[in-house]
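Descriptive structure summary
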Amino acid sequence: MRSISRGAMRSGSSLDHRGVSHRYGLESQPSSDPNDHPRQDAPAKKKGPLSTTLAALVLVLGGVVILKANTGHSGPKANLARKPPNSAVTAVPTRSVPETSTPQSPAPPTGAPATPAPATPAPKAPPTHDKPGEGQVDFVLDTRPRHTRPAEFRKPPLDRALEGTYITLWLQQVHAWFKSDGDKARAFVQDAKAAGFAAVMTDVPWSWTEREAENDLRFDTFGKDWVKHVCEAGLKLHLVLRANERPPWLEKRDDLVEATDPDAVKTPPCGPTDGSLSMGSDEVVGYVARFFEKSVKFYVETYGDCIESFNPTMNNELEARFITTFDCMRDFSAATLKKYGAWQQSQGFDEVLKPLDRQTDCKVHPEAEDTRFWEFRNVLLGQVHARFCAVVAASGKRCLLHIGEFFASSDRLNGNALHLYLDNPNITDFTMDSNMALTGAASSPSVVGMMTDAARRKGKIIHYEAATERILPCNDEGEFTKGSTSYLEAAKLLYREGIARGLESGVETLGFTNLCKPLAVKEFLGGVPLVDMKTAQGADAAPDAVLYVPSRLFGAHGIFHTELCQNAKRSCWHDSFAQLPKFGVAKFFEGCTQDAIQYSLLEVWDSLRLRHARVQIVMDARQLSDAPVAAAGELVAFLTEPEWGFHGGEVERALFEEAARKHGNAYVARAAPRDEPPAVVTKFEVP
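As a starting point, this report considers the structure included with it. In this text the structure is predicted, and so the values were computed from the model without any measurement. (Residues numbered from 1 in each chain as written. Predicted model: local features only at pLDDT ≥ 70, side-chain atom pairs only at ≥ 80, totals over all residues. Heavy atoms only, no water.)

1. Thoughts on the state of the cysteines
Counted by the stated rule, this structure contains 4 disulfides. Across the disulfide, Cys389 is cross-linked to Cys399 (sulfur-sulfur distance 2.0 Å). Judged by the torsion about the S-S bond (-60°), the Cys389/Cys399 disulfide is left-handed. Of the two residues, Cys389 sits in helix 8 (residues 368-394) while Cys399 sits in strand 9 (residues 398-404), which places them 10 residues apart along the sequence. Like Cys389, the residue Cys399 is buried in the burial classification. The disulfide that involves Cys572 links it to Cys592, with 2.0 Å between the sulfurs. (Disulfide = S-S within 2.5 Å. Helix = DSSP H or I, 4+ residues; strand = E, 2+ residues; numbered from the N terminus. Buried < 20%, exposed > 50% of the residue type's maximum accessible area, 1.4 Å probe, protein only.)

So, in structure tokens, the structure goes:
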């Protein structure tokens, strides 16, 4: 995932880095990423001393430990009760499993040279079954070290050419790396072409385009016309139209920006917004839509077939979700609250509730004040992006949305409207955007496959974009920073395995973002040339197994990290991943901090992949009656406590139970973030 500092390009953090550590002067090492520079018309912020780290990290107040640390986007700021109420489960010691000390790739992409077998022998995977009720095998959660599993995964044939490949070069990088030198920009494009990339992705910032006055759009200022070099080289363009910042002529309109909950009780107080505009304001959306319309018209008329897609966004990480800073839910502006009230009335609710921005307290919140507002926020995301992509569709071009990492407790803040986007015919492309380090440390390459399995749908093109800047950062000269070679093998293993999981799940386009040396891409592909990469069949291939994960499931969770909330500590996917650079809350802990609930889900996904080559993730229980889904050999529902405690949960429950009764080989996997194993799987019992 990517983050945008004000006036800057994406830094690639999965979570916004302006969390509690910033408020208390708790800073990491200065970033060398060109995306982390302050905006041109704002003074640089003074960094606080690192000596305050431990003092700012933990405060003990009245027997309650309040952890203050930066997750990379907003904290988390969590109240950690020593004995959380309503919890009968206690923390257990981390499991002790042997890991190899030398990074080895059990399953490199097609065409890669074979690598040595893992040091820990992998037991034979359970037999498979292909039809409901035939050859049934009891679901057993795999307990082997995670890095040994891919060698035993059932893999589909990788026999389909990729739809495309691209590398990003953001406008600020043109300035920072090349000092607006056209020759250097052309050289980068030529290197990208030589590396096998078919396209370049770049951005058109609203605040740098319609800058001086409304309707005064200038597409040749600030070096934005550098994109001509891409088209001249015969490559395609993916243009990100980003409106995450106000242009100067709107700077005084504070009534149009997002707001925090004025009634929220935060310890410490919730920080200010970053000035981002509110999607709940019809006036704002009107301004932005008109900017998109004029930009699409200009670029289509100027560059024609060179344009591959447009990505309209208002997000600071260029993703189709809400902006989050300081562990606060957005948005509580007057316009959004008015729209929320009207939405509740349109849904026929007896009582119009105020939204609740609760503190992160290590509990699940099924209260209507929480789940209803979360649902509305997703509806708003769907409506706004539907309008934006209608603008793109009218031009005859494809509309692409970046989907930040989901199926994690961060969904509470970010939202998760993927199921709504997939239903929209004008939204054609989805970039699964993950650096496989959601909480600041390397998690699991399986994240890429899991996200792809959830987004696969007929008529949609699925991209995977590898964000490299947190693992292999570049300096202001466009060179890899010193010291990165010390963990290069671990980085190569992480990306090679993540890309392999994506290809096995049918990813159709590969992208690399913030990679300052295009020719270095081969290092992440196991030696296979980019042009020779192959992928599995897409949505036309019938699933062997179905994993039902309700889209709203994670929205009721606070931030659940493996180091917090009395959750069990989990080992790194491979022990070499502990060498990789960390950010956010992960900086304060050894090993690999991970999202505890997502970890449980990935364990279930991995276990299914040991028996099935094609797993389909269903987010809406209504889809469980679809013929290909109903015919899958295994049906598993992933749930958390309290079960079905999310908006519309009882309706989803009834639909799942009906499908499970008909299926005959259904299971329920319940997350157990504080226990070992991390999920409890039971056979579905007919109620």
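2. Some words on the packing of aromatic side chains
Applying the stated criterion across every chain yields a total of 33 aromatic pairs. Ring centres 5.9 Å apart and planes at 35° place the aromatic pair Phe407 and Phe554 in the tilted group. Of this pair, Phe407 sits in the loop between strand 9 and helix 9 (411-414) while Phe554 sits in the loop between strand 14 (545-548) and helix 13 (596-609), placing them 147 residues apart in sequence. Per residue, the accessibility class of Phe407 equals that of Phe554, and both read buried. Over the aromatic face of Phe139 sits the side chain of Arg611, whose NZ or CZ is 4.8 Å from the ring centroid. (Phe/Tyr/Trp six-rings, centres within 6.5 Å; stacked < 30°, edge-to-face > 60°. Lys NZ or Arg CZ within 6 Å of the ring centre and 35° of its normal.)

3. Side note on the sheet that holds strand 17 (residues 666-671)
Either a parallel or an antiparallel arrangement is found when strands of a sheet pair, and the pairing is made through backbone hydrogen bonds. If you walk across this open sheet you meet the 5 strands as 15-14-16-17-18, and the pairing is mixed. Either end of the sheet is taken by a strand with one partner, and the two such strands are strand 15 (615-618) and strand 18 (679-683). Sheet twist, expressed as the average angle between the axes of neighbouring strands with direction ignored, equals 20°. In this structure, strand 14 lies alongside strand 16 (residues 634-639), joined through 4 bridges in parallel fashion. Residue pairing in the sheet places Val546 in a bridge with Leu635 of strand 16. Along the sheet face, helix 13 touches strand 14, strand 15, strand 16, strand 17 and strand 18 and points at about 170° away from the line of strand 16. (Pairing = 2+ DSSP bridges. Axes fitted to C-alpha atoms, helices over the stretch in contact; angles between N-to-C directions. Contact = heavy atoms within 4.5 Å.)

4. Thoughts on the packing of helix 7 (residues 334-346) against helix 8
One way to put it is that helix 7 packs onto helix 8 with a least axis distance of 11 Å and a crossing angle of 105°. Classified by the angle between their axes, helix 7 and helix 8 sit roughly perpendicular to one another. Residues Thr336, Lys339, Tyr340, Trp343 and Gln344 of helix 7 lie in contact with helix 8, whose contacting residues are Arg372, Phe373, Glu375, Phe376, Val379 and Leu380. Of the residues in the contact of helix 7 with helix 8, the class split is 6 nonpolar, 2 polar and 3 charged. (Parallel < 35°, antiparallel > 145°, perpendicular 65-115°, else oblique. Nonpolar A, V, L, I, M, F, W, Y, C, P; charged D, E, K, R; others polar.)

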